[in-house]
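Reading the structure
Next come the chains, spelled out residue by residue.
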Amino acid sequence: MMRLPPFRYFAPKAAREAACILRDHGAEAMAVAGGTDLYPNMKRRQFEPKVLVGLRRLEDAAAIRPNGVLRLGALANLTDIAEHPAIRARWPVVAAAAGQVASPLLRNAATIGGNLCVDTRCNYYNQSEFWRASIGYCMKKDGDICLVAPGSKICWAISSSDTAPVMIALGASVTLAGPDGERQVPAAQLYGRDGIQYLAKKPEEVLTEVHVPDMSGWRASYRKLRRRGSIDFPLLGVAVAAKLGKDRVIEDVRIVLGAVHTHPVEAKDAGEFLRGRVLDAESIEMAAGIAYKPAKPLDNADLVYAWRKRMVRIEVARALREVAGLPTGDLAPVVV
Ligand SMILES: Cc1cc2nc3c(=O)[nH]c(=O)nc-3n(C[C@H](O)[C@H](O)[C@H](O)COP(=O)(O)OP(=O)(O)OC[C@H]3O[C@@H](n4cnc5c(N)ncnc54)[C@H](O)[C@@H]3O)c2cc1C
Ligand code: SF4
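Scoring rules and cut-offs
Residues numbered from 1 in each chain as written. Chains lettered and ligands numbered in written order. Predicted model: local features only at pLDDT ≥ 70, side-chain atom pairs only at ≥ 80, totals over all residues. Heavy atoms only, no water. Helix = DSSP H or I, 4+ residues; strand = E, 2+ residues; numbered from the N terminus. Rg over C-alpha atoms; globule rule 2.2 N^0.38 Å. Buried < 20%, exposed > 50% of the residue type's maximum accessible area, 1.4 Å probe, protein only. Contact = heavy atoms within 4.5 Å. Areas by Shrake-Rupley, 256 points an atom, 1.4 Å probe, with all protein chains shown as cover. Lys, Arg positive; Asp, Glu negative; His and termini not counted. Charge placed at Lys NZ, Arg CZ, Asp CG, Glu CD. Near = heavy atom within 4 Å. Nonpolar A, V, L, I, M, F, W, Y, C, P; charged D, E, K, R; others polar. Polar contact = N/O pair within 3.5 Å; in protein donor to acceptor, adjacent residues only side chain to side chain. Pairing = 2+ DSSP bridges. Axes fitted to C-alpha atoms, helices over the stretch in contact; angles between N-to-C directions. Core = buried A, V, L, I, M, F, W, Y, C linked by side-chain atoms within 4.5 Å.

1. Quick look at the overall build of the protein
Each helix and strand counted, the protein has 12 helices and 12 strands in total. In terms of overall size, the protein behaves like a compact globule, its C-alpha atoms giving a radius of gyration of 20 Å where 336 residues would be expected to give roughly 20 Å. Expressed along its principal axes, the backbone C-alpha trace of the protein runs to roughly 60 × 45 × 35 Å. A burial count over the protein gives 53% of its 336 residues as buried. Across the protein, the fraction of contacts at a sequence separation of at least 24, relative to all contacts at a separation of at least 6, is 61%. Total accessible area computed for the protein in this model is approximately 15200 Å², and 52% of it derives from carbon and sulfur atoms. Distance between charge centres in the protein, computed from 46 positive and 36 negative side chains, equals 2 Å.

2. Remarks on the site of ligand 2
Taken together, C122, Y124, Y125, C138, M139, K140, C146, L147, V148, C155, W156 and A157 are the residues near ligand 2. When its residues are assigned to classes, the shell around ligand 2 shows 11 nonpolar, no polar and 1 charged.

3. Quick look at the site of ligand 1
A31, G35, T36, T111 and D162 are the nearest of the 35 residues found near ligand 1. N115 places a side-chain nitrogen or oxygen 2.8 Å from an oxygen atom of ligand 1. One of the backbone nitrogen or oxygen atoms of D232 is found 2.9 Å away from an oxygen atom of ligand 1. Starting from 970 Å² of accessible surface for ligand 1 in isolation, the protein chains cover 92%. Residues belonging to the shell around ligand 1 are distributed by class as follows: 20 nonpolar, 9 polar and 6 charged.

4. Points about the sheet that holds strand β1 (residues 8-10)
Reading across from one edge, β1-β3-β2 is the order of the 3 strands in this open sheet, with parallel pairing throughout. Single-partner strands in this sheet number two, and they are β1 and β2 (29-32). Direction aside, the axes of adjacent strands within the sheet are offset by 25° on average. Note that β2 and strand β3 (residues 51-54) share 4 bridges and pair parallel. What sits directly across from V32, in β3, is G54.

5. As for the nonpolar core
Grouped together as the largest cluster of nonpolar side chains are 58 residues, with contacts concentrated most on I81, L116, M167 and V210. Excluding residues that lie within four positions of it along the chain, I81 makes contacts with I64, L72, A76, I87, V94, A95, A98 and I112. Judged by nonpolar contacts, the second largest core, of 31 residues, contains V238, A295, I314 and A324.

6. Observations concerning the sheet that holds strand β9 (residues 218-225)
Spatial ordering of the open sheet is given by β9-β10-β11-β12, a layout of 4 strands whose pairing is antiparallel. Looking at which strands have only one partner, the edges of the open sheet turn out to be β9 and β12 (265-266). Examined bridge by bridge, strand β11 (residues 250-258) and β12 share 2 bridges and lie antiparallel to one another. Across the sheet, the residue bridging to V256 is E266, located in β12. Here helix α12 (residues 305-324) sits on the sheet and contacts β9, β10 (236-244) and β11; the angle it forms with β9, its principal contact strand, is near 150°.

7. Let's talk about the environment of R277
Structurally, R277 is set in the loop between α10 (268-274) and α11 (281-291). Residues R277 and A319, 42 residues apart in the sequence, show an inter-C-alpha distance of 17 Å. Once residues within four sequence positions are removed from consideration, R277 is found in contact with R248, V249 and I250.

And the structure:
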């Protein structure tokens, strides 16, 4: 049985206090929310913090406020988000993405803040300490080279959050609380460009709230590719949000890919191509052919990476078809 290493636990009531504790203990400290990702990772010694700053007691941190804009406290759990009647009615894609994370039991504990900040993943890293020792470790923890791309200066571990691509597609922003105050940043700017430094925020900053704009007039879809229908992390996530005008002419659109890079990737060229066009079978096929290009899956997750790359095209087309109200089942099957 794998056991947690010893650590000191703080349970502050204010986000600023949490940020101060994180700052004061530097690299030895980490925040923990639901713990559904962090605790298993600690048992495998992927992280060895001496200090944990628990966020569960932060005041009002789990509130869900669907008034005009949707405000989600960072500690709101994914079951509450997936089942909330107002979210299902007005931001159904948020409920859908939250409802596809992990499994029902994990979603009861897992939080939206933790999901947006969840660690990147790689087959050479998400292993026991014993397993990683046997291959000489890799540079994300304890080693000095990348075992997937040995010449690479960066780590290619995969951004594996289901809700991150959706929040970026919806134009959401997050509030970050630091020792000296708060700031609000677009969700798209939360992510770095390296599987190790995968968050662009300061280490001591605590994510306190997610703000999703009023999406009246928009339609959205989230499609998740994985081996099993539950438990599995995404091998690909495709989030599409589109504002359609008269005769299905696209006024605005964002297509965001998850689990195909170290960070969620917006397929900007495909969005550019679609703006001003009618969303029909032909424009969808052409946009999907553009959207898959920035996906960079490597051989460090389940299933064959070349197939995962080809599936980006198919799943983008399916997501766009859902948004257009077209059938999704008649696209050519992809053979491994
Ligand atoms: C079997 C299994 C299957 C899973 N499947 C999926 C899946 O399909 N999709 C998916 O997206 N995830 C999956 N996960 C990962 C995880 O359960 C979820 O991402 C979950 O939402 C993480 O939230 P949490 O509150 O438990 O985060 P924690 O485990 O508490 O924290 C995760 C990380 O975020 C940081 N953090 C947490 N909250 C904050 C905050 N408010 N401010 C700053 N930093 C913060 C922590 O320091 C830590 O680095 C899976 C996990 C397991 C064990
Ligand atoms: S991508 Fe490379 S450095 Fe990053 S976790 Fe995998 S093997 Fe390690």
